[in-house]
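Tertiary structure, described
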Amino acid sequence: MQSTLQQANRKLAIRMMVIACLMFGFGYAMVPFYGALCKAMGIDRANSDFANTSAAVIRVEFDTNVDTGLAASLIALDPVLAAKPGGLLKARFRLINKSDQPLKVRAIPSYAPARAAGLLQKLECFCFDGLTLAANEQRDVMVVLLVANELPEELGAATLSYTLHPELKS
Amino acid sequence: MTTAHDALHAPAHDHAHEEHHVSFVQRWFYATNHKDIGTLYLWFAFSMFITGGIMALCIRAELFQPGLQFWQPDFFNQLTTLHGVIMVFGAIMPAFTGLANWMLPLMIGAPDMAFARMNNWSFWLLPPAAALLLISFFVPGGAAAGGWTLYPPLSIQAGMGMDLAIFAIHLLGLSSIMGSINIVTTVLNMRAPGMTMLKMPLFGWTMLITAYLLIAVAPVLAGAVTMLLTDRHFDTHFFKAIGGGDPVLFQHIFWFFGHPEVYIMALPAFGIVSQIIPTFARKPLFGYVSMVYATCSIAILSFMVWGHHMFAVGMPASTQLFFMFLTMLIAVPTGVKVFNWIATMWQGSMTFETPMLFSIGFVCLFTIGGFSGLILAIAPVDTQMQDTYYVVAHFHYVLVAGALFTLFAATYYWLPKWTGNMYHEGRGQFHFWWSMVWFNVTFFPMHFLGLAGMPRRIPDYALQFTDFNAIASIGAFCFGLGQIFFLFNVIHTIRGGVGKAPAKPWEGANTLEWEVPSPAPHHTWETPPSLEMVEKGLKAQGLLGDHHE
Ligand code: HEM
Ligand SMILES: [Cu+2]
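Everything numeric here is computed off the predicted structure, so don't read it as measured data.

Looking at the site of ligand 1
Residue and element names in this part refer to chain B. Residues in close proximity to ligand 1 total 22 residues, the closest being H83, W148, H396, R456 and R457. In the environment of ligand 1, an oxygen atom lies 3.1 Å from a nitrogen or oxygen atom belonging to the side chain of Y389. Contact distances for ligand 1 include 3.0 Å between an oxygen atom and a side-chain N or O atom of R456. Sorting the residues of the shell around ligand 1 by element identifies α3 (34–62), α4 (73–108), α16 (389–419) and α18 (466–494) as the ones contributing at least two each.

If you want it as structure tokens, here you go:
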């Protein structure tokens, strides 16, 4: 009687230890499983496998802002451009110093969505360096973007935004 | 009935003799008796509660005012991390396991836990784990400082304190798994004759399901931290983005463990109040079977909602909706439970002894915590509230008012059975009201802080948060003080309290543990309780056919 209980107990315990070991493995199995599941369900849309070479044009919008208190303005002369995969994009901007003193400024870029940064690569940009504007100077500057060969289909539009800040003294 | 009682007393008496020859070291270090091990667990948990509590007070001291007063930010992060880890794995979980050890065999009429020697092991893994965590404060780089969630890349870059934490988590996990195997086996195989599954005390059910949850998820956490460890030292790239790994993957694996974990801390609490409320309402538990089903459905659902901790990682809207609705669904079985407790009290002849006060306090405060959880489940709201003090308020309403208050309730409820003495009722009630007031003073303002946008895990904050933080800090220190009073209460009871307790100090208590003398003899139920004794109890609990009301 006592020993049958012990046997039953042992059997149950072994079964549970097996479950515990399997669950330890399950933690590891989630590594490939998670990738496969996302792919199967189309959840991971930033995945390069979803890029489509025959994607149509992408629309790139340019947005500008100026730090509060900075006596300058930044205007996008080509606020919206369309581009083909693999092509080049050139956008012009106008910088104006509205004060009577020379001004050191720097433009800080940002992309929306963030992953567009990898797909629209800057070859040349007025944001690479700080700029010094003479009193009341007006200057036209440019950014050149290389559009990736393979654009994800759902990325129909991207925004590239510049905010003008005073250049920090160094 | 008489024969059962005789059989019960005889071995107890024998043992009382034996005990004279057992040294302190033999009794406690080689403990295999479920009551001794339960006692060890409970004392260990209490000392960890004090340790984690001191860390909480260090946090609250820093947050009393804006600015940095006491700690450098890095040490502050170590404090929050270790406070969380120690409270969860060192205080709450071992306390429930200790209660299960002490009470389950008594309640279901078994002589001991199924595997007495393994039971000793599962306890003695805990102190080394705690030591590792505490030592880690003194190693180069200090203790783990990535939050109790240990998210990479922080946890990958951290110093050797993280390795110690990982090793501690391995030990704690091993201990939990062994403890759980013991609980499942005992509950499934060793119930007294006549006590079928649907007739066992609800505490048995909740511990059974909790143990299953632990066996399922503790290994997953062990896997996750093992992957962290190999990422740190052996050049694997599970989570290291630089080698093609995915930090978000860690969050998925962690929360697959982490969400069930919060129910591991809640379900035993449900079991305890389901024992206490019927006792002091002098009515059978309302809707016993629905309570069992609700417990099971909560456990099953808890595996499917981990994503609600990850709304902010960038998920497709459809996935967010899936997790959001499923999370809200858990409110249904939880609501069933709350309604059943209220219905149990409805028109009962209630008295308000300390265990009952803590249980009613639990029902009220846990409901608040449940509602704020429901609010956090709403994905668009959560993206605002993620990592604010609203979350801190929410989970302390669930963990402190949920787990901790029911542990106090359980302690007062069973203290007569453990010590053979009655505690001082007035002091118990004082402890309750003191804790109740200061708990709310501490954590209620945190809702406002969170709504106003104060982030969690920060040592310094913007000036507009000053007032509520000062209130919360005062509350925390007063709350902490009250727990010292609790310790004195318990020691006073052990030393004789206000007098000897009868076998059944609570009029409305009908489960088997009240059939043995107080204090419970070292050995009980060596001869299982007789069928009549079991059925008498079941009838009183409304679990046997002809009870109507
Ligand atoms: C009773 C007094 C307690 C006080 C005053 C307290 C206070 C705090 C404070 C101030 C934080 C830091 C919040 C932050 O900056 O993010 C915190 C975090 C936490 N607490 Fe408590 N706590 C208490 C009890 C508990 C208990 C009983 C548990 C049980 C499990 C618990 C679990 C946690 C967890 C998991 C965290 C999160 C740690 C992290 O951010 O990684 N606390 N607590
Ligand atoms: Cu959760």
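Brief notes about the coordination of the copper ion (ligand 2)
Residues and elements named next belong to chain B. For the copper ion (ligand 2), the full set of protein donor atoms is H259 (ND1), H308 (NE2) and H309 (NE2), and the range of their distances to it is 1.6 to 1.9 Å. Here the donor residues of the copper ion (ligand 2) share one chain and are spaced in sequence as H-x48-H-H. Of this pair, H259 sits in helix α10 (residues 247–264) while H309 sits in the loop between α12 (288–301) and α13 (317–345), and the two are 50 residues apart along the sequence.

Some details on the environment of S175(B)
Assignment of secondary structure puts S175(B) in helix α8 (residues 160–189). Not counting the four nearest positions on each side in its chain, S175(B) is found in contact with Y41(B), S122(B), L125(B) and L126(B).

Notes on unusual backbone geometry
Leaving glycine out, the prevailing phi sign among residues is negative, and the prevailing peptide bond configuration is trans. A cis geometry characterises the amide bond from A112(A) onward to P113(A), with omega recorded as -10°. By the element assignment, P113(A) lies in the loop between β6 (103–112) and α2 (116–119). Backbone torsion omega between P152(B) and P153(B) reads 5°, so that peptide bond is classified as cis. Mapped onto the fold, P153(B) is located in the loop between α6 (126–135) and α7 (154–157). The residue L150(B) is not glycine, and still its phi comes out positive at about 55°. Within the element layout of this structure, L150(B) appears in the loop between α6 and α7. The backbone of Q347(B) shows a phi angle near 60°, a positive value even though the residue is not glycine. Inspection of the secondary structure puts Q347(B) in the loop between α13 and α14 (354–377).

A closer look at the packing of α3(B) against α18(B)
Residues and elements named next belong to chain B. At their nearest, the axes of α3 and α18 sit 10 Å apart, and the two run at 160° to each other. Accordingly, the angle class assigned to the pair α3 and α18 is roughly antiparallel. α18 is crossed by α3, and the crossing has left-handed handedness. The segment α3 lies against α18, with W43, F46, F49, L57, R60 and A61 engaging N469, A472, S473, A476, F477, Q483, F486, L487 and I494. Its residues assigned to classes, the contact of α3 with α18 comprises eleven nonpolar, three polar and one charged.

Observations concerning the UniProt feature "transmembrane region" (unreviewed entry) in chain A
What UniProt calls "transmembrane region" (unreviewed entry) maps, in this numbering, to residues 12–35 of chain A. Between the end C-alpha atoms of residues 12–35 of chain A there is a gap of 35 Å, over a span that is 100% helix and 0% strand.

Quick word on the coordination of the iron atom of ligand 1
All names here are of chain B. Ligation of the iron atom of ligand 1 by protein atoms is provided by H83 (NE2) and H396 (NE2), these donors lying 2.0 Å from the ion. Metal-centred angles of 88 to 179° between the six donor atoms at the iron atom of ligand 1 mark the site as octahedral. Of the two residues, H83 is situated in helix α4 and H396 in helix α16; the sequence distance between them amounts to 313 residues.

What to know about the pattern of salt bridges
Enumeration according to the criterion identifies ten salt bridges over all chains in this entry. In this structure, E137(A) engages R139(A) in a salt bridge whose closest nitrogen and oxygen atoms are separated by 2.9 Å.

With respect to the environment of L125(B)
Residues and elements named next belong to chain B. One can find L125 in the loop between α5 (116–124) and α6. Residue L125 is classed as buried on the basis of its relative accessible area, which comes to 11%. For L125 and I209, which are 84 residues apart along the polypeptide, the C-alpha to C-alpha distance reads 23 Å. Leave out the neighbours within four places in its chain, and L125 touches L171, L174, S175 and M178.

Details of the interface of chain B and chain A
In this assembly, 26 residues from chain B lie in contact with 19 residues from chain A. Across the contact surface, chain B and chain A share zero salt bridges. Put simply, chain B and chain A have two residue pairs in polar contact (both at pLDDT 80 or more) between them. Of all the elements in the fold, those that place two or more residues in the side of chain B that touches chain A are α8, α9 (202–233) and α10 of chain B. The greatest single-element share of the side of chain B that touches chain A, amounting to eight residues, is contributed by α9(B).

Some details on the state of the cysteines
For the coordinates displayed, the defined rule picks out one disulfide over all chains. Paired through a disulfide, C125(A) and C127(A) show a sulfur-sulfur distance of 2.3 Å. Across the S-S bond of C125(A) and C127(A) the torsion is about 130°, and the bridge reads as right-handed. Assigned by exposure class, C125(A) and C127(A) land together as buried. As a non-bridged cysteine, C478(B) has C58(B) as the owner of its nearest cysteine sulfur, 16 Å distant.

How each quantity is defined
Residues numbered from 1 in each chain as written. Chains lettered and ligands numbered in written order. Predicted model: local features only at pLDDT ≥ 70, side-chain atom pairs only at ≥ 80, totals over all residues. Heavy atoms only, no water. Near = heavy atom within 4 Å. Polar contact = N/O pair within 3.5 Å; in protein donor to acceptor, adjacent residues only side chain to side chain. Helix = DSSP H or I, 4+ residues; strand = E, 2+ residues; numbered from the N terminus. Donors = N, O, S within 2.8 Å, 3.2 Å for Na, K, Ca; no water. Contact = heavy atoms within 4.5 Å. Axes fitted to C-alpha atoms, helices over the stretch in contact; angles between N-to-C directions. Parallel < 35°, antiparallel > 145°, perpendicular 65-115°, else oblique. Left-handed = near helix turned anticlockwise from the far one by under 90°. Nonpolar A, V, L, I, M, F, W, Y, C, P; charged D, E, K, R; others polar. UniProt positions renumbered as here; feature names shortened; annotations may be inferred. Tetrahedral: all angles 85-135°; square planar, octahedral: opposite > 155°, others 65-115°. Salt bridge = Lys/Arg side-chain N within 4 Å of Asp/Glu carboxyl O. Buried < 20%, exposed > 50% of the residue type's maximum accessible area, 1.4 Å probe, protein only. Disulfide = S-S within 2.5 Å.

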